[in-house]
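# Descriptive structure summary
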Amino acid sequence: MADEMKIGAYICKGCGIGDRLDAGQLASTATRDGKAAICQQHDFLCNEEGVKMIQADIDNEGVNRVVIAACSRRAKTEAFAFDNVTMHRANLREGVIWVRPDSDDQQETTQEMADDYVRMACAEAKYSKVPETSGQQGVNKNILIVGGGVGGMTAAIEASKAGYPCSIVEKTAALGGAVAQLHKVIPTKAPFADPQDAGVDELAAAIEADDNITVYLNSTTTNIAGAPGRFAADISAESGATQTKEFGAIVQASGFIPYDANKLPEFAYGKNKDVVTQLELEALAKAANGGAIKRPSDGKEVTSVVFVQCAGQRSKKEGHLEHCSGYCCSASIKQAMYFKDQNADVDTTIMYTDLRTPGAGGENFYRSGQKKGVTFTKSVVNEVVDGANPTVKFKDLILNEEAEVEVDLVVLATGMIPNSGQETRADLAVEDAEDKAEAKSSGEEQVIRVEVESILNLDYRQGKDVPHMANGFADSHFICFPYETQRTGIYTAGPTRRPMDAKQAMDDAMGAAMRAIGEAENAGLGKAAHPRSGDLSFPSFRKEGCTQCKRCTVECPFGAINEDEEGYPVYNESRCRRCGTCMGACPVRVISFENYSVDTVGQQLKAVDIPEEFDEKPRIMVLACENDAYPALDMAAQNKLEYSAFARVIPVRCLGSISLSWITDSLNSGFDGIMLMGCPSGDDYQCHFVKGSGTAQERMSKVGDTLETLSLEKERVATYEISITDIHKVPKLINDMADTIEQIGMSPFKF
Amino acid sequence: MSTNTGTVEKYRNNFLKEVEANVEEGDWVKMCMQCGVCAGSCPLGKHWAHPPQEIFMMIRAGKREEVLTSDSMWMCTSCYNCIVRCPRELPITHIMHGLANYAKRLGLAPKAQPTAWFSQVFWDNMMKKGRVNELKLGLSLYFKDGIVSGIKESIKHQKLGMNMMKAKRMSPMELFGGHGVKSAGDLQKIIKKAQEIENARLESYGK
Ligand code: SF4
Ligand code: SF4
Ligand code: SF4
Ligand code: SF4
């Protein structure tokens, strides 16, 4: 790439832009203010001819910064795809003409809007570079699979079929995991009527026969260093022998830990031998091997059995699980059939509050249970009384009365706890929330942590395992990006990710294997994973300026940054999602991307023309998340919803990337209002970078001080949580801000 | 176990099995998923001590006595709302009638329940000649609660009676014998035989 920066600005007159705006003036703005070396207008820029015109300038005139003043950066991306140049879009269609009324009296402010966007795009161009590779790339097709249950085995078989060699690391002496302990499994095929064989042996045999799959039994991963494309895993056998292997990506299928039924004394577990968990019943059924199931206390053939659903689950009581494990209703139906299929006269009663049988065949299986004579009693079990036969005391919710029944055997449907290892490093969490330190020392928030063994043993500064999300499960973005964790290149499958049964875990494993393959390839190209898929830029820092404060390593939601001995950050490109949260975190502003930096945005807001205070034309800076808020604004424009001509919108990668200097600079240069739009944060976060918007909200709470020192009203800066569907809300928010400014008056900082 | 005094253990399947064996469409009871749609759909549901959903749960809970002596299933007007709406497609109306019928045969049906009483009158009336004698049936209904209220009722429905006569739907001559099937005696024999078979089956149940 030529060293000399050369901006080419291209102004489109199609889609009504030419009718509504003075393209000639835009062109002179681009050359005069934007310092574009070349500026051309076109009637239909995105057509073949228009694109050729731009390409010719790149080829013959040395244009390497392309400014396109046309539609939104989200439109026509295939047409405007040029190699080895940076791309900047002035959004004249969705950002200007579609949100402003077509009337003569509005013409002036509409044109001002467009001129500003052209200036801003040129300013961004001036401070951007074409991303170059970091040199960290290298394709490694080997996939590491942690856990040898049905999930891990399926992942290995699928990845191997696709041509990717796999290694399974299994802690125990055999493959099969929890499913190997089951007598039968919930049916997976029509008519979904009877329990079926688990098929563990078939899976194990397929693995045995596959030269592409290596199995390490009695082994664990004792250290995993590196990043996608270059993970180095220490695989240690029980004997202590350790070997280090290289992998491109990782699937974590470490399954679940059964809930400890000893925490349920009310159900006489541990006291009465004939109160068992579902897993224990599987052992009894296996032992019976098709014959009558005998109860543990005296070996008597069971003639009556009650299944207690949601035992210690779906409850906020201390020591109980809050979540629904999702498989246990179907599992109880299956187990009741163990009895019914052997002897239809055995009384089998399932006591449930809500029967949940997810999956394609769930309802059929439920009906099949009913047909076989399994009784379903909607009730809450309060107590199991110990005795020669356990007595179940419950409230019948349909008949609304207390009742009890004495039976031979009671089975507790206790749930699953994700086997997801350790939480994020506790000391980091404390550092992360210095402000909360006081609350902690007061004792209220002090949680006594039981030391859990790590599963992955990641050599990441941010902790040894993938971060836990709700209830300890490790999925970071359930709806949009399943399998994805907060550690790029490490994908969870099965009950580590969310509660599920064997069949779902196997389906899950296929998905996770696919993602792992994708990331192994991606990392080799130096490309970002979603949501900035394909982005070639990556963060770097100016060492001379760095104060080793460690903010970036703490706040990176993806654990991408390690530390060297001196405490300087060490970036791992392929772990990074390019969100820019580190950039927003850095107090001395030394972190940047080639095409996104404190300057690329900072110079845009400085490029906005600020009219004199007495012109009564305020300016509102809108920093909008490119994932949700910016598309919502585009869609508002498509719906021809109008908003104030005083707003200037700059897309940001994530609210987390916002540098406080942008706020102070905007205020100092005379902006009257600043609006920050990011995704919802908190428990039900929608942030595409998990923690970015939440981190930003916290940082913005400190903006108040800045406003105070400048003696400015606090209403001038506001943060909003915007979902992509808030199409009608966003224009209204902008208009409300315009009204607020009208009330409190113009900013005095206009020079 | 004697069929009309049987006691069953609660929350065991005995009574459900009894219902399955003896009640028309009783096989379906176990398929109810307790959604409550039938209870909400029944136009008379408010007046029932136990709407269909509850009756089914009571059967599964082994509440034999309460179910069979209940007047709830006698309240069913055969409107079929519930059948149309039940997501599990239970023939609820038929089960209600089946239960009523079974309770009646066991002698457990509530005596004063008007539907139960009228059904008996209808049956007796019909069995005589193999055809219903509308006039006698109507009068016995009006005079159900004694002479005074009977006369009042008759006067109230006088116009309806006249219209029916005009339309030849009812004949005053019915009072003296009335119409019937060709050989009422044979019909009675057939019914008697059917009852014998049914009783034998009932007797054998539970043995
Ligand atoms: S879609 Fe964009 S580039 Fe194409 S004509 Fe319309 S404004 Fe111009
Ligand atoms: S850009 Fe985001 S993912 Fe990458 S290092 Fe910075 S904070 Fe981490
Ligand atoms: S509508 Fe059907 S399934 Fe629902 S409660 Fe009534 S009988 Fe049961
Ligand atoms: S058919 Fe009977 S039970 Fe069903 S809704 Fe009508 S009256 Fe109620």
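Throughout this document, residue positions are counted from 1 along each chain, in the order its sequence is written. Ligands are numbered from 1 and chains lettered from A, in the order in which they are written. Totals for whole chains, interfaces and linings use every residue, but because this is a predicted model, local features are given only for residues with pLDDT of at least 70 and side-chain atom pairs only at 80 or more, for both listing and counting. In computing side-chain properties, one takes all heavy atoms of the structure into account and sets aside hydrogens as well as water.

## Topic: the domain arrangement of chain A
All names here are of chain A.
- The domain boundaries here were taken from an automatic or database domain assignment. When cut into domains, chain A gives domain 1 (1-130), domain 2 (143-255 + 419-426 + 445-525), domain 3 (258-415) and domain 4 (540-592).
- Centre-to-centre, using C-alpha coordinates, domain 2 lies 29 Å away from domain 4.
- If you look at the interface, domain 2 gives 15 residues, while domain 4 gives 14 residues.
- By convention, the term buried area covers the 1.4 Å-probe accessible surface removed from two parts as they join, with the contributions of both added. Both faces combined, the contact of domain 2 with domain 4 buries some 1200 Å², and carbon together with sulfur accounts for 35% of it.
- Across the salt bridge formed by Arg461 and Glu563, the nearest N and O atoms sit 2.7 Å from each other.
- Whenever two N or O atoms come within 3.5 Å, that pair is a polar contact, provided that in protein one can donate a hydrogen and the other can accept it, and provided that, for residues adjacent in sequence, both atoms are side-chain atoms. For the pair domain 2 and domain 4, the number of links is 16 residue pairs in polar contact (both at pLDDT 80 or more). Between two residues, a contact is recorded if the distance between any of their heavy atoms is within 4.5 Å. Salt bridge criterion: a side-chain nitrogen from Lys or Arg within 4 Å of a carboxyl oxygen from Asp or Glu.

## Re the sheet that holds strand S5 (residues 143-146) of chain A
All names here are of chain A.
- Two strands qualify as a pair provided that DSSP identifies no fewer than 2 bridges between them. A run of DSSP states H or I qualifies as a helix once it reaches four residues; a run of E qualifies as a strand once it reaches two. Both are numbered from the N-terminal end. The parallel open sheet is built from 5 strands, whose spatial order is S7-S6-S5-S11-S21. Strands at the two margins of the open sheet, each flanked by one partner only, are strand S7 (213-216) and strand S21 (490-492). For this sheet, the mean inter-axis angle between neighbouring strands, taken without regard to orientation, is 20°.
- Summarising the sheet, S5 and strand S11 (residues 249-252) pair through 4 bridges and their orientation is parallel. From the neighbouring strand, Leu144 faces S11, where its bridge partner is Ile250.
- Sheet strands touched by helix H13 (residues 502-525): S5, S11 and S21. Its angle to S21, the strand with the most contacts, is close to 170°. Fitting a line to C-alpha atoms yields each axis, with helices limited to the stretch in contact; the angle taken between N-to-C directions then spans 0 to 180 degrees.

## Description of the sheet that holds strand S14 (residues 304-308) of chain A
Residue and element names in this part refer to chain A.
- Judged by pairing direction, the sheet is mixed, and its 7 strands sit side by side in the order S13-S19-S14-S15-S16-S17-S18 without closing on themselves. The sheet is open, and its two edges are formed by strand S13 (275-277) and strand S18 (401-406), each paired on a single side. On average, each strand axis in the sheet is tilted by 40° relative to the strand beside it, whichever way the strands run.
- Across 4 bridges, S14 lies against strand S19 (residues 409-412) in parallel orientation. Its bridge partner being in S19, Phe307 is matched across the sheet by Val411.
- In this fold helix H8 (residues 278-288) packs onto S13, S14 and S19, with an angle of close to 95° to the strand it touches most, S13.

## Re the side chain of A:Arg699
All names here are of chain A.
- Turning to its location among the elements, Arg699 is positioned in helix H19 (residues 692-700).
- At a separation of 2.8 Å, a polar atom in the side chain of Arg699 contacts the main-chain carbonyl oxygen of Gly656.
- Contacts of Arg699, omitting those with residues within four sequence positions, involve Glu555, Thr581, Gly584, Ala585, Gly656 and Ile658.

## Let's talk about the site of ligand 3
Residue and element names in this part refer to chain B.
- Near ligand 3, the surroundings consist of 14 residues, among which Cys32, Cys35, Gly36, Cys38 and Cys86 are the closest.
- The set of elements that each furnish at least two residues to the shell around ligand 3 consists of helix H2 (37-41) and helix H3 (52-60).
- Residues belonging to the shell around ligand 3 are distributed by class as follows: 10 nonpolar, 3 polar and 1 charged. By convention in this text, a residue qualifies as near a molecule or strand provided that one of its non-hydrogen atoms is within 4 Å of it. Note on residue classes: Ala, Val, Leu, Ile, Met, Phe, Trp, Tyr, Cys and Pro are nonpolar, Asp, Glu, Lys and Arg are charged, and everything else, Gly too, is polar.

## Remarks on unusual backbone geometry
All names here are of chain A.
- Going from Ala190 to Pro191, the amide bond is cis rather than trans, its omega being 5°.
- With respect to the helices and strands, Pro191 occurs in the loop between strand S6 (166-169) and helix H7 (200-208).
- Residue Pro531 is reached from His530 by a cis peptide bond, and omega for that bond is 0°.
- Not every positive phi belongs to a glycine, and Arg314 is a case in point at roughly 50°.
- Inspection of the secondary structure assignment puts Arg314 in the loop between S14 and helix H9 (328-342).

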